[in-house]
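Survey of secondary and tertiary structure
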Number of protein chains: 4
Amino acid sequence: MCRWIAYRGETTALEHYVTEPAHSLISQSIHALESTASVNGDGFGLGWYGNHPEPGLYREVRPAWSDENLRYLCRHLQSHLFFGHVRAATGTPITRPNCHPFACGKWLFMHNGFVGNWNRLRRQVEALIPDELYPSRVGTTDSEAIFLAILGAGIAHPVTAAERILLKLTDFVNQTNPGDRLRFTSALSNGRDLYAFRYAVNDHANTLYYRESADGIVIVSEPLDNDHKSWIAVPENHVVVANAGERTRILPSLHRQQEAAE
Amino acid sequence: MCRWIAYRGETTALEHYVTEPAHSLISQSIHALESTASVNGDGFGLGWYGNHPEPGLYREVRPAWSDENLRYLCRHLQSHLFFGHVRAATGTPITRPNCHPFACGKWLFMHNGFVGNWNRLRRQVEALIPDELYPSRVGTTDSEAIFLAILGAGIAHPVTAAERILLKLTDFVNQTNPGDRLRFTSALSNGRDLYAFRYAVNDHANTLYYRESADGIVIVSEPLDNDHKSWIAVPENHVVVANAGERTRILPSLHRQQEAAE
Amino acid sequence: MCRWIAYRGETTALEHYVTEPAHSLISQSIHALESTASVNGDGFGLGWYGNHPEPGLYREVRPAWSDENLRYLCRHLQSHLFFGHVRAATGTPITRPNCHPFACGKWLFMHNGFVGNWNRLRRQVEALIPDELYPSRVGTTDSEAIFLAILGAGIAHPVTAAERILLKLTDFVNQTNPGDRLRFTSALSNGRDLYAFRYAVNDHANTLYYRESADGIVIVSEPLDNDHKSWIAVPENHVVVANAGERTRILPSLHRQQEAAE
Amino acid sequence: MCRWIAYRGETTALEHYVTEPAHSLISQSIHALESTASVNGDGFGLGWYGNHPEPGLYREVRPAWSDENLRYLCRHLQSHLFFGHVRAATGTPITRPNCHPFACGKWLFMHNGFVGNWNRLRRQVEALIPDELYPSRVGTTDSEAIFLAILGAGIAHPVTAAERILLKLTDFVNQTNPGDRLRFTSALSNGRDLYAFRYAVNDHANTLYYRESADGIVIVSEPLDNDHKSWIAVPENHVVVANAGERTRILPSLHRQQEAAE
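Quick summary incoming for the structure in this document.

Cut-offs and rules
- Residues numbered from 1 in each chain as written.
- Chains lettered and ligands numbered in written order.
- Predicted model: local features only at pLDDT ≥ 70, side-chain atom pairs only at ≥ 80, totals over all residues.
- Heavy atoms only, no water.
- Least-squares fit on C-alpha atoms with pLDDT ≥ 70 in both.
- Contact = heavy atoms within 4.5 Å.
- Buried area = accessible area lost by both parts, 1.4 Å probe.
- Salt bridge = Lys/Arg side-chain N within 4 Å of Asp/Glu carboxyl O.
- Polar contact = N/O pair within 3.5 Å; in protein donor to acceptor, adjacent residues only side chain to side chain.
- Nonpolar A, V, L, I, M, F, W, Y, C, P; charged D, E, K, R; others polar.
- Phe/Tyr/Trp six-rings, centres within 6.5 Å; stacked < 30°, edge-to-face > 60°.
- Helix = DSSP H or I, 4+ residues; strand = E, 2+ residues; numbered from the N terminus.
- Buried < 20%, exposed > 50% of the residue type's maximum accessible area, 1.4 Å probe, protein only.

**A word on the relation of the copies chain C and chain D**
Each copy superposes on the other: chain C lies on chain D with an RMSD of 0.0 Å after a rotation of 180° and an axial shift of 0.0 Å. When the rotation and shift are considered jointly, the pair of chain copies conforms to a two-fold rotation axis. For chain C, the residue whose C-alpha comes nearest the rotation axis is Arg-62 of chain C, separated from it by 2.8 Å. Looking at chain C, 100% of its interface residues are interface residues in chain D too, so the copies touch through the same face.

If you want it as structure tokens, here you go:
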């Protein structure tokens, strides 16, 4: 189980969201409150959009709470759309390529969750990655495989592409009886639009909250401060669509699959 | 605050003490029970004696709980006297030379505690290190400085040398009013004899336990399992002397200083 | 291109082969003489057999030449059969799971070479790994994939299993015209017997030497010292078979494939 | 021996100087041409000035040539004044705090050189650091100690402060007969003005070049490309003064000391 934060809005220094808040992502790395893993010390990462056509990445295998580089970067990097992630590994090695976010072309992705029985399902999930994207498979996580599968499933329509892959994953975990568990709470962006998913099969979904203001939207695994009424919980099996220049929408997603499974 | 374990006895694989017990040092790295810091994820280290005239060291800046190398080494390294340590840093950087144990010649040392107001006292403590040992100052911790000071204070009599330095540290922290705090719970060995200290000034001492059997003695920050009656708590301001070929003794140490301070 | 060393013989401290010789593996890490890459600073690894049923591993992403842990371990670890490897990466990330040697059950493997056009051939090579071994695919290198494929190809007869996979790789690289290059200079062991391969397709093979004495056999990428007449070059397309209790044999391997290709 | 680059001028992405040139700092990390150490793989660092009142730092113990984070950061970080450094250690450990550049308040410093017989002179040099700056001594290098000593020697006049400390270092190395060697080729900045020193005692000074254009000035250990006539060599015992809004000056520095020593 991991913790993450995604921001889209006015260009701002990352420190205002990643390191400064009372219950910042950094403090969640050593003591998360709403996660089954209170310690998220198995590496971390930042992804952000700037002037370069492709997003930037800073990923490290050490815990976020003691990384001096991270503090310097959060002071100096400014962005209108960025991701931050602290990892609690669920079986795959602690390497930089296994840290979130993942980048491919202009896309960023990060994830909190797991595909139950990854050893059984790994080859099936990897087979969803098209050949032309397989060279971008530089790590071994379930999360990166799902990201590349989504990119290959018609990314011009990101929500549809993600739902298409989630449907396949739902089938995969339900191949056995009782089915394996699937938890998918993730963020996806092209540098302009931001999408966040909260979905689960045979299990409860991991928490997801957002807060919107004139400055922008922040989507998080758990609130960054104690002002709980300012944070809105995203319901299970919903997707947050924060397109540039549009009002944020919270849409149901894959409800029928969920109902069919019940 | 850190957690550590020291063993002297029959030659054994390190895994039996470091990785296997229910509440092993590894499990203490992610969830300690008797420490002010429940997470000890700021690096770790092993020190052990074998056939080579000098002890071996394996130290890493990553958390112990996810280090594959550590698991392999604990399976394969066998020793009659070894140290293991997981670190919760108190201000100095997370670097290998700042991880415990420290080695110098045939001596090993590790520590759980701190010298209050290290910024004020650092130069005084470093001045206790003799010139000929100053090249061995490869890190920046208070712990390493104290170790080298003890080595230079007549190490032929280790308890006396340690007490001599602890007296000076006691004076240093009491230079201000109210005095700074000092906590010193440490282990010291020459590969033959094992010493463990539990001492504090202007504060409570960190916990220290030991368990003795026909096979040997284990000294720990907190018990390795739930069989609490098998673990004996070392009183504050006492030293454990486990000399090769002798019965283990628990001796009062520096009581008068403590009384004078009260 | 990497550099490696394999030893089978009397139990000895690793330092006598890894760190002490004039042109030791450590000195090859910063300045190799017979390699297309003079710097082999993209991580390193040790693998060794001891009392535990499975071999030990120590792998790190930092260069070997500056790793203090490696020097301590080479002093203290003793083994009758061990591998050492310094890496010059050919495209896959610098992570511990991508460092050699690789271990699976009682087997160790390390490699110097590459599969030309890995992006094109990766899925074909990974498909050679049987399902039951696919969970052991913890990295992303061509080398690890080949190792697991060999383990799945009838490892009771290691040379035959390796040749079976090398035949398939030969077919894969020859699917295009002109064919891709393949270089395979590797070592494989079960803790008792030691095998070393020198093979190439559409290219020259990487160098391989051995030296045998009453104490044992050392097989290396390049000689460890200037006493060049004591080192015997293994011819291209040959395999070294150093079975426990038998005379070392240097056998031709896959000659017909090579001839057919010419 | 290390390699470094310093830039002051129009705000630009770091990649144009650090990663892109034919003989960029990254390529110097694996194959420097004018250094006694051709491999500079003992860590690296970036320091840069931006909107935050204090400069940013990114330092890592791995070699620069394989660090993905470095490539992303050089694409995305833009600055009007930045430092880049690749390290070849001369005895002190490979840790982040021992990597250059060093930061203290608004000042950045990096160094290529050494203080001969550091073990003998270390305490004398560290004693030059004023008490109020000693908490900023987070590593163990000679370079960081000299930096903090300069900061404490009247940094309102940076050249005078540096010369004052260099005079003391000159005395220190000349305490023995024959004298120890001192090489000091370094850069210093407050975010506005840039200073670079080329000095040596009892030895040749390390190389130093600069190139100036309408866009700004680049000062380097060795040229970044083969257009050698565009690079001007700084003479030994000279200082480059590149103050904001002024013409760059190359001034003689400490000539009398040098003459006295000859």
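**Things to note about the interface of chain C and chain D**
Each partner contributes to the interface: chain C provides 10 residues, whereas chain D provides 10 residues. Interface area, chain C with chain D, both sides summed: about 860 Å², of which 62% is carbon and sulfur. Considering only the surface of chain C that becomes buried against chain D, Val-39, Arg-62 and Ile-94 of chain C emerge as the three largest contributors, covering 44% of it. There are 0 salt bridges connecting chain C and chain D. Where chain C touches chain D, the interface holds 2 residue pairs in polar contact (both at pLDDT 80 or more). Of the residues contributing to the side of chain C that touches chain D, the split by class is 6 nonpolar, 2 polar and 2 charged.

**Notes on the packing of aromatic side chains**
Tallied over the full model, the rule gives 30 aromatic pairs over all chains. Ring geometry for Phe-109 of chain B and Phe-147 of chain B: centres 5.2 Å apart, planes at 5°, overall stacked. Of this pair, Phe-109 of chain B sits in strand 6 (residues 107-115) while Phe-147 of chain B sits in helix 5 (residues 142-151), placing them 38 residues apart in sequence. With respect to class, Phe-109 of chain B is no different from Phe-147 of chain B; both count as buried. Here Phe-184 of chain D and Phe-197 of chain D contribute two aromatic rings whose centre-to-centre distance is 6.0 Å and whose plane-to-plane angle is 50°, an arrangement assigned as tilted.

**Brief notes about the pattern of salt bridges**
Applying the stated rule across the entire model yields 72 salt bridges over all chains. A salt bridge links Asp-225 of chain A to Arg-211 of chain A, with the shortest nitrogen-to-oxygen separation between them at 3.1 Å. Of this pair, Asp-225 of chain A sits in the loop between strand 10 (216-220) and strand 11 (232-233) while Arg-211 of chain A sits in strand 9 (residues 209-212), and the two are 14 residues apart along the sequence. Residue Asp-225 of chain A is classed as partly exposed on the basis of its relative accessible area of 22%. In this structure, Arg-3 of chain C and Glu-222 of chain C form a salt bridge, with 2.6 Å as the shortest nitrogen-oxygen distance. Here Arg-3 of chain C, found in strand 1 (residues 3-13), pairs with Glu-222 of chain C, found in the loop between strand 10 (216-220) and strand 11 (232-233); they are 219 residues apart in sequence, far enough to count as distant. By the burial criterion, Arg-3 of chain C is buried, and Glu-222 of chain C matches it. Sharing partners across several salt bridges, the network here consists of Glu-60, Asp-67, Glu-68 and Arg-96 of chain A together with Glu-60, Asp-67, Glu-68 and Arg-96 of chain D.

**Topic: the interface of chain A and chain D**
With 24 residues of chain A in contact, the opposing surface of chain D contributes 24 residues. Between chain A and chain D, a total of about 2000 Å² is buried, with carbon and sulfur atoms accounting for 47% of that surface. Three residues stand out in chain A for area buried against chain D, namely Tyr-72, His-76 and Arg-96 of chain A, and they jointly supply 32% of the buried area on that side. Where chain A packs against chain D, one counts 8 salt bridges. A salt bridge links Glu-54 of chain A to Arg-75 of chain D; the nearest nitrogen and oxygen atoms lie 3.5 Å apart. Remark: the boundary between chain A and chain D carries 15 residue pairs in polar contact (both at pLDDT 80 or more). Of all the secondary-structure elements, those providing two or more residues to the side of chain A that touches chain D are strand 3 (56-60) and helix 3 (68-76) of chain A. Considering each element in turn, the side of chain A that touches chain D owes the most residues, 6 residues, to helix 3 of chain A. When grouped by side-chain class, the residues that make up the side of chain A that touches chain D number 8 nonpolar, 7 polar and 9 charged.

**Focus on the relation of the copies chain A and chain D**
By a simple turn and slide, chain A fits onto chain D: the slide is 0.0 Å along the axis, the RMSD is 0.0 Å, and the turn is 180°. Mapped onto chain D, 100% of the interface residues of chain A are again interface residues, and the two copies thus contact each other with one and the same surface.

**Some words on unusual backbone geometry**
Here Asn-177 of chain C and Pro-178 of chain C are connected by a cis peptide whose omega angle stands at 5°. If you trace the backbone, Pro-178 of chain C turns up in the loop between helix 6 (158-173) and strand 7 (182-189). Of note, the phi angle at Asn-202 of chain A is positive, near 60°, even though the residue is not glycine. Note on placement: Asn-202 of chain A falls in the loop between strand 8 (194-201) and strand 9.

**Some remarks on the environment of Trp-107 of chain C**
Residue and element names in this part refer to chain C. As for its position among the elements, Trp-107 is in strand 6 (residues 107-115). The class of Trp-107 is buried, set by a relative accessible area of 8%. Spatially, the C-alpha atom of Trp-107 lies 8.5 Å from that of Leu-151, the residues being 44 residues apart in sequence. Setting aside residues no more than four positions away along its own chain, Trp-107 makes contact with Tyr-49, Pro-55, Phe-102, Phe-147, Leu-151, Ile-155, Pro-158, Leu-188, Ser-189 and Asn-190.

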